[in-house]
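Observations on the three-dimensional arrangement
Spelled out from the first residue to the last, the chains are:
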Amino acid sequence: MSLETVSRRGLVLLGCGKMGSAMLAGWLGRGLAPEAVWVLDPHPSDWLQGLAEKGLHLNADLPDDPAIVLVAVKPQMMAEALPRLAPLGNGATLFLSVAAGTPIAFYEKTLGDRTPIIRAMPNTPAAVGRGITALTGNARASDTDLDLAETLLAAVGQTVRLEGEHQMDAVTAVSGSGPAYVFHLIETLAAAGEAEGLPAELAMTLAKATVAGAGHLAMEAEEGPAQLRVNVTSPGGTTAAALKVLMDPDSGFPALLKKAVKAAADRSRELAQ
Ligand SMILES: NC(=O)c1ccc[n+]([C@@H]2O[C@H](COP(=O)([O-])OP(=O)(O)OC[C@H]3O[C@@H](n4cnc5c(N)ncnc54)[C@H](OP(=O)(O)O)[C@@H]3O)[C@@H](O)[C@H]2O)c1
């Protein structure tokens, strides 16, 4: 199945908030026509309403046999929202869910166990084409289905296939939620700069550019992050003084991030109940 098939048979989005919109923006940017898209969302954004004027089907009757349904409602809304799509289950429509927590077994129970289902975990840098999405499918999801999902997801960034669904809670805690940790790093780095006497705007400019530049360098450089860190750290210098605080095994990043990532993974497991 190719993107041409998606254009011909249609793509349905169940829920089009922050994540659904980021992905839809990427697909439209890659040439998917608004006429090929059906969106179900009780409170569509102005952006979606503008797209409806260009042919996107908003809260309208669905096609009989869409190529793909993207499920992007919150896990807490899933039990209420998903059953209306049950008529599309057990057929040729591929279901691609980005919801945290909700296990594949839930979709199989609601849609029928002959439904091809792929569970994916993207992240919000998808909005600028720099996301990373991990994915895994059920037994019904063929290689062609996985290839199609990967093709669609690649429009908004990098993709990785998981060994299985058992990795999804940890993935959610690292890359799904991860952008929020990095944004908080930017906020707190800027605040710390202010505490050292910088004007707020200058501190934020420095913090944003530093995180973005370091991220870019980490992706581009041949050395790994540990060596890149060493490259910044002059013996007896300023970075070494800061890293003594940040790398403290009990009170620094190692303990803090381990605790934060465990909290997110635990919450993902809870959402599956
Ligand atoms: N945001 C992220 O960074 C991120 C990353 C990876 C995965 N995810 C997953 O993506 C999913 C969506 O997250 P989000 O951050 O995009 O949340 P969101 O902004 O709240 O989007 C969910 C959308 O679904 C709509 N909705 C609620 N009930 C519905 C129903 N019965 N039928 C159709 N649409 C309905 C919501 O409308 P109202 O706002 O009017 O209720 C909202 O527009 C979640 O399952 C989350 O786990 C999110």
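Bear in mind the structure is a predicted one, so any value in this text is a computation, not a measurement.

1. Digging into the UniProt feature "domain: Pyrroline-5-carboxylate reductase catalytic N-terminal" (unreviewed entry) in the protein
- On the UniProt side, "domain: Pyrroline-5-carboxylate reductase catalytic N-terminal" (unreviewed entry) is annotated at positions that read residues 12-100 here.
- In residues 12-100, the share of helix is 26% and the share of strand is 19%. The end C-alpha atoms are 19 Å apart.

2. Observations regarding the layout of surface pockets
- Roughly 1000 Å³ of volume is contained in the second largest pocket.
- Forming the boundary of the second largest pocket are 34 residues, of which Met 19, Ala 72, Val 73, Lys 74 and Pro 75 lie nearest the centre.
- Among the elements that line the lining of the second largest pocket, the one with the most residues is helix H2 (residues 18-29), at 3 residues.

3. Focus: the site of the ligand
- Among the 22 residues in the neighbourhood of the ligand, the closest are listed as Met 19, Asp 41, His 43, Val 73 and Lys 74.
- In this structure, an oxygen atom belonging to the ligand sits 2.6 Å away from a side-chain N or O atom of Asp 41.
- Contact with the protein chains hides 79% of the accessible area of the ligand, taken as 870 Å² for the molecule alone.
- Given that more than half its atoms are within 2 Å of the pocket grid, the ligand belongs to the second largest pocket.
- Classifying every residue of the shell around the ligand gives 15 nonpolar, 4 polar and 3 charged.

4. Quick word on the sheet that holds strand E6 (residues 117-121)
- Reading across from one edge, E3-E2-E1-E4-E5-E6-E7-E8 is the order of the 8 strands in this open sheet, with mixed pairing throughout. Taken across any chain shown, the strands that pair with only one partner, and hence form the sheet edges, are strand E3 (57-58) and strand E8 (157-161).
- Together, strand E4 (68-71), strand E5 (94-97), E6 and strand E7 (131-137) form the strand contacts of helix H5 (residues 104-111), whose direction differs from that of E6 by roughly 145°.

5. A closer look at unusual backbone geometry
- One non-glycine residue, Asn 59, adopts positive backbone phi at about 50°.
- Mapped onto the elements, Asn 59 comes out in the loop between E3 and E4.
- At Asn 90, a residue that is not glycine, the phi angle is positive and equals roughly 55°.
- The topology assignment puts Asn 90 in the loop between helix H4 (78-81) and E5.
- Judged by relative accessible area, Asn 90 falls into the partly exposed class, the value being 32%.

6. Section: the pattern of salt bridges
- Per the counting criterion, the structure on display carries 7 salt bridges.
- Of the charged contacts, one joins Asp 65 and Arg 9 as a salt bridge, the two residues approaching to 3.3 Å between their closest N and O atoms. Here Arg 9 lies in helix H1 (residues 3-9) and Asp 65 lies in the loop between E3 and E4, a separation of 56 residues in the sequence.
- Relative accessible area serves as the criterion here: at 36%, Asp 65 is assigned to the partly exposed category.
- The class for Arg 9 is buried, based on a relative accessible area of 17%.
- Note that Asp 266 and Lys 262 form a salt bridge whose closest N and O atoms lie 2.8 Å from each other. With a gap of 4 residues between them, Asp 266 and Lys 262 both fall in helix H12 (residues 253-271), about one helical turn apart.
- Connected through salt bridges with shared partners, the residues Asp 147, Glu 150 and Arg 161 form a single ionic network.

7. So, the packing of helix H7 (residues 168-176) against helix H8 (residues 178-195)
- It is at 5 Å that the axes of H7 and H8 come closest, and there the two elements cross at 30°. In terms of axis orientation, H7 runs roughly parallel to H8. Touching Ala 173, Val 174, Ser 175 and Gly 176 of H7 are Gly 178, Pro 179 and Tyr 181, all from H8.
- For the contact of H7 with H8, the residue count by class is 4 nonpolar, 3 polar and no charged.

8. Focus: the packing of H8 against helix H9 (residues 200-220)
- Two elements in contact, H8 and H9, have axes whose closest approach is 8 Å; the angle formed by their N-to-C orientations is 140°. As summarised for this structure, H8 and H9 are arranged oblique, according to the angle between their axes. The chirality of how H8 crosses H9 is right-handed. Contacts between H8 and H9 involve Val 182, Leu 185, Ile 186, Glu 187, Leu 189, Ala 190, Gly 193 and Glu 194 on the former and, on the latter, Ala 200, Ala 203, Met 204, Ala 207, Lys 208 and Val 211.
- For the contact of H8 with H9, a count of residues per class yields 10 nonpolar, 1 polar and 3 charged.

Here is what the cut-offs are and how they apply
- Position numbers for residues start from 1 in each chain and track the written sequence from start to end.
- Residue-level local features of this predicted model are given only where pLDDT is at least 70; pairs of side-chain atoms are given and counted only at 80 or more, and the full residue set underlies all totals for whole chains, interfaces and linings.
- Side-chain descriptors were evaluated using all non-hydrogen atoms of the structure, hydrogens and water having been removed beforehand.
- UniProt positions are given in the numbering used here, feature names are shortened, and annotations may be inferred rather than shown by experiment.
- For helices the rule is a DSSP run of H or I covering at least 4 residues; for strands it is a run of E covering at least 2, with both sets numbered from the N terminus onward.
- Think of a 1 Å grid over just the protein atoms. A cavity is a set of points where a 1.4 Å probe fits yet cannot get out, a pocket is an open set with protein on both sides within 12 Å along at least five of seven lines, and lining residues have an atom within 4 Å of a point.
- Grid points are joined across faces, edges and corners, and a volume is the space filled by probe spheres set on the points.
- Each residue is tested against the molecule or strand, and it is near if at least one of its non-hydrogen atoms lies within 4 Å.
- Whenever a nitrogen or oxygen atom comes within 3.5 Å of another N or O atom, the pair is scored as a polar contact, on the condition that within protein one atom can donate a hydrogen and the other can accept it, and that pairs from neighbouring residues in sequence are kept only if both atoms are in side chains.
- Calculation of accessible area relied on Shrake-Rupley with a 1.4 Å probe; when residues are assessed, cover is drawn exclusively from the protein chains displayed.
- A molecule is said to be in a cavity or pocket once over half of its atoms fall within 2 Å of that pocket's grid points.
- Under the grouping applied here, Gly and all other residues not named as nonpolar or charged are polar, the nonpolar ones being Ala, Val, Leu, Ile, Met, Phe, Trp, Tyr, Cys and Pro and the charged ones Asp, Glu, Lys and Arg.
- At least two bridges found by DSSP between two strands is the condition for calling them paired.
- Residue contacts are counted whenever heavy atoms from the two residues lie within 4.5 Å of one another.
- Comment: axis = line fitted to C-alpha atoms, over the contacting stretch for helices; angle = value between 0 and 180 degrees taken between N-to-C directions.
- Each residue is assigned to one of three classes by its accessible area relative to the maximum for its type, calculated with a 1.4 Å probe on protein chains only: buried under 20%, partly exposed between the two thresholds, exposed over 50%.
- Whenever Lys or Arg places a side-chain nitrogen within 4 Å of a carboxyl oxygen from Asp or Glu, that contact is recorded as a salt bridge.
- Note that the term roughly parallel is reserved for angles under 35 degrees, roughly antiparallel for angles over 145, roughly perpendicular for angles of 65 to 115, and oblique for everything else.
- Helix crossings are classified by the rotation of the near helix relative to the far one: an anticlockwise turn of less than a right angle makes the crossing left-handed, while a clockwise turn makes it right-handed.

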